[in-house]
Amino acid sequence: MAARLATVRSSARRQFAPEQAASPWWRDAVVYQVYLRSFADGNGDGIGDLAGLRARLPYLNWLGVDALWINPHYPSGGADGGYDISDYRAVDPEYGDVSDLEALVEDARALGLRVLLDVVPNHTSDQHPWFQAALADPDSPEAARYHFAPASEEPPNNWRSLFGGPAWSRTPDGRWYLHLFAPEQPDLNWRDPAVAEDFERTLRFWLDRGVSGFRVDVAYGLFKDADLRDNPGAYSPTLFGHGPEQAMTWNQPEVHDVWRRWRSVCDEYPDTMLVGEVCLADPEEIALYSRPDELHQSFSFRLLKSGWSAESFADGVRSALDAFGKVGAPVSWVLGNHDKDRQVTRFGGGEVGDARARAAALLTLSLPGSAYIYAGDELGLPQASVPDEAKKDPIFFRSGGERSGRDGCRVPMPWNATPGVGFSPRGSARPWLPIPAEWRRYAVSRQTRDDSSMLHLYRRALAVRAEHPALGSGEATVSRRGDVLTVRSTAEGRSVRCVVNMGEHTVLVRTAGTVLLSSAPQVSHTSGRSLALPANTAVWIAED
Ligand code: NOJ
Ligand code: CA
């Protein structure tokens, strides 16, 4: 199928030409997040890999994105979907090798696509040679690169793992070590200079191979309170992010110096960028990570974590625009990722969830800044129900099954309508997570043939966005009337409105102009100045 997709003409998209670009490519880029293990299996073992991804690059080109971010590709202990890395300067043999990655970067570049890698500096795998050396000898230099505490009855403090249970586990010789995630992910001690040095080597290793930058895992972590004081309160996964209740484990002031250092490394490589995962509750604190000499971007997760409510969306958009505006950085909008339930399901499931996910996509893609699309969201995949015995996510196991975990948003992509949905070449391989039989209906091959599909909506939206500077690189104002949210963006003297009806009834919207795109087929101007906008629908209108 991939071969039949026409290559998008390059004129619409910003190409690799740093010296000519009026503003850096990443400020308004649309980045496609590839969950490598689930994207495309090249060798038929049921696990997505670099060869599979490489073969599907024409699809990403056809879709019209600017860059891809690949979830961790490194050798790993396998305890947390690759976020427990045992060798930062290698490729897990399950995914290929370094030459496969180089070939991928080269092919992507030929199509005008940039490649971002994931880097995980807060913790390593317990299989990492440093941690193994630290276990073998408490006085080794490697032991100083982690947080160990002497053997005692009780752990050193009240810190909790984000995956459930205490953040301290015992070594075989009775010491405690810190892991803010799974026990297989020991936290690094960033006060040891050897840690910083090694990460700079890692950045250069991949930048030298032509990647365009990194998504930085847990960028609000790394440093912890030096005196290991108790956290004042408990973390709740229902909050927008961490705040003062978790003041001892996150957002320590020293971490900003690391990002200044990393920024200066990137500055040696033209056109590269860093985007940080900063899960803090306060948007102003998040934006501080993207001051001009720090990370180029930090994710804005408010829309990802907001329910379907105009008030909540308006607040999420406004607060992010205000906060990032103050530091002069673009907002990096996220509607879905590998850590949250799929949007269609989050927004209510079924037809309603589908309609809302379409509308939310148009809203997000109209906003100034860059947008991150999680693989499969362009197909409208719902959250899959994964049987407990097939689950892999440590959140499920560490919460004793209380939290269902993230496997349901990580199920492999359906490419065609055959029984194996075309994820593996011969279709017979057992995929690493079971794919629901009914997912054939979401297959790329089906959606490319259906003009009204979610996939075509995304593709059209990206094409329209590329033609209208107001979308993605405009100045925006946000207003709300009841359940109707309007974002008006202006660039080069031309304005586009994105109007979203988040209520339950059709509303008459008084606005003139040309309908550029709507998330549902039935929207058009009923008279010159008004438009009937059904529930759960968004529209883009170019003002005359
Ligand atoms: C954030 C990543 O997105 C998530 O998948 C991972 O489990 C944690 N960081 C720990 O690395
Ligand atoms: Ca494979």
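See the structure above.
For the structure given in this document, a descriptive report is provided here. All of these numbers come straight from a predicted model, not from anything done at the bench.

Re helix H4 (residues 98-110)
Inference 1: Given a rise of 1.5 Å per residue, 13 residues ought to cover 18 Å, and the 19 Å separating the end C-alpha atoms of H4 matches this to within 8%.
Inference 2: Buried residues along H4 sit in contact with helix H2 (50-55), helix H3 (57-63), strand E2 (67-70), strand E3 (114-119) and helix H6 (193-207).
Inference 3: Phi for Gly112, located one or two positions after H4, is positive at around 80°.

As for the sheet that holds strand E6 (residues 176-178)
Inference 1: The antiparallel open sheet is built from three strands, whose spatial order is E4-E6-E5. Of all strands in the sheet, those bounded by a partner on one side alone are strand E4 (148-149) and strand E5 (168-170).
Inference 2: Note: E4 against E6, two bridges, orientation antiparallel. Paired with Ala149 across the bridge in E6 is Trp176.

A word on the site of ligand 1
Inference 1: Taken together, 14 residues are adjacent to ligand 1, and Asp80, Asp217, His338, Asp339 and Arg406 come closest.
Inference 2: In the model, an oxygen atom of ligand 1 is placed 2.6 Å from a nitrogen or oxygen of the Asp80 side chain.
Inference 3: At 3.0 Å from an oxygen atom of ligand 1 is found a side-chain nitrogen or oxygen belonging to His123.
Inference 4: For ligand 1, whose unbound accessible area comes to 300 Å², protein coverage reaches 97%.

Let's talk about the side chain of Thr249
Inference 1: If you trace the backbone, Thr249 turns up in the loop between strand E7 (213-216) and helix H7 (255-267).
Inference 2: Looking at Thr249, the relative accessible area reads 1%, which means it is buried.
Inference 3: Polar side-chain contacts of Thr249 include one of 3.0 Å to the side chain of Asn231.

Things to note about the coordination of the calcium ion (ligand 2)
Inference 1: Taken together, the protein donors to the calcium ion (ligand 2) comprise Asp41 (OD), Asn43 (OD1), Asp45 (OD), Ile47 (O) and Asp49 (OD), at separations of 2.3 to 2.4 Å.
Inference 2: All donor residues of the calcium ion (ligand 2) come from one chain, and their arrangement in sequence is D-x1-N-x1-D-x1-I-x1-D.

A few points about H7
Inference 1: With 13 residues, H7 extends 19 Å between its outermost C-alpha atoms, agreeing within 8% with the 18 Å of an ideal straight helix rising 1.5 Å per residue.
Inference 2: Buried within H7 are the following residues: Val255, His256, Val258, Trp259, Trp262, Arg263, Val265 and Cys266. In a view along the axis of H7, the buried residues occupy a sector of 165°, so they form one face of it. Opposite the packed face of H7, turned more than 90 degrees from it, sit the exposed residues Asp257 and Asp267.
Inference 3: Check the buried side of H7 and you find it contacts E3, H6, E7, strand E8 (273-276) and helix H8 (283-288).

Thoughts on unusual backbone geometry
Inference 1: At Val421, a position not held by glycine, the phi torsion is positive, near 50°.
Inference 2: With a phi angle near 50°, Glu492 is a residue other than glycine that sits in the positive phi range.
Inference 3: As for its position among the elements, Glu492 is in the loop between strand E13 (484-491) and strand E14 (494-501).
Inference 4: Here Glu492 falls in the exposed class, since its relative accessible area comes to 70%.

Regarding the pattern of salt bridges
Inference 1: Counted under the stated rule, the structure contains 31 salt bridges.
Inference 2: Of the charged contacts, one joins Asp271 and Arg114 as a salt bridge, the two residues approaching to 3.0 Å between their closest N and O atoms. On the criterion of sequence distance, the pair formed by Asp271 in the loop between H7 and E8 and Arg114 in strand E3 is long-range, its members being 157 residues apart.
Inference 3: A residue is classified by how much of its surface remains accessible, and Arg114, at 3% relative accessible area, is buried.
Inference 4: The partner of Glu294 in a salt bridge is Arg291, and the shortest N-O contact between them spans 3.0 Å.

Points about the nonpolar core
Inference 1: Tyr32, Phe39, Tyr59, Leu60, Trp259, Trp262 and Trp540 are the most contacted members of the largest nonpolar core, which totals 164 residues.
Inference 2: Top element by residues in this core is helix H10 (residues 310-327). It accounts for nine residues.
Inference 3: Once residues lying within four places of it in the same chain are set aside, the contact partners of Trp259 are Pro121, Val216, Ala219, Leu222, Tyr289, Asp293, Glu294 and Leu295.

Brief notes about the state of the cysteines
Inference 1: A complete count under the given rule lists zero disulfides for this structure.
Inference 2: Sulfur of Cys409: no disulfide; nearest cysteine sulfur belongs to Cys279 and is 14 Å away.

So, how was this worked out
- Here the residue index of a chain counts from 1 through its sequence in written order.
- Here chains are named by letter from A upward and ligands by number from 1 upward, in the order in which they appear as written.
- Selection of residues for local features in this predicted model requires a pLDDT of at least 70, selection of side-chain atom pairs for listing and counting requires 80 or more, and totals for whole chains, interfaces and linings are taken over all residues.
- The side-chain values count all of the structure's non-hydrogen atoms but skip hydrogen atoms and water molecules.
- A run of H or I in DSSP counts as a helix once it spans at least four residues, and a run of E counts as a strand once it spans at least two, with each numbered from the N terminus.
- By this rule the span expected of a helix is its residue count minus one, scaled by 1.5 Å.
- By definition, residues are in contact when any of their heavy atoms lie within 4.5 Å.
- Paired strands, as defined in this entry, are two strands with at least two bridges between them according to DSSP.
- One heavy atom suffices: a residue is near a molecule or strand as soon as one of its heavy atoms comes within 4 Å of it.
- Polar contacts, as counted here, are pairs of nitrogen or oxygen atoms within 3.5 Å of one another; within protein the pair requires one atom able to donate a hydrogen and one able to accept it, and residues that are adjacent in sequence qualify only if both atoms are side-chain atoms.
- Every accessible area reported is derived by Shrake-Rupley at a probe size of 1.4 Å, with residue values counting cover from the shown protein chains alone.
- Relative accessibility under 20% of the residue-type maximum defines a buried residue, over 50% an exposed one, and the middle range a partly exposed one, all with a 1.4 Å probe and only protein chains included.
- Metal donors: N, O and S atoms at distances within 2.8 Å, or within 3.2 Å for Na, K and Ca, with water omitted from the atom set so that some sites may seem incomplete.
- Directions pointing from the helix axis toward each C-beta atom define the arc.
- Counted as salt bridges are all cases of a side-chain nitrogen of Lys or Arg within 4 Å of a carboxyl oxygen of Asp or Glu.
- The set of buried Ala, Val, Leu, Ile, Met, Phe, Trp, Tyr and Cys residues whose side-chain atoms join them within 4.5 Å is what this entry labels a nonpolar core.
- Cysteine sulfur atoms are paired as a disulfide whenever they fall within 2.5 Å.

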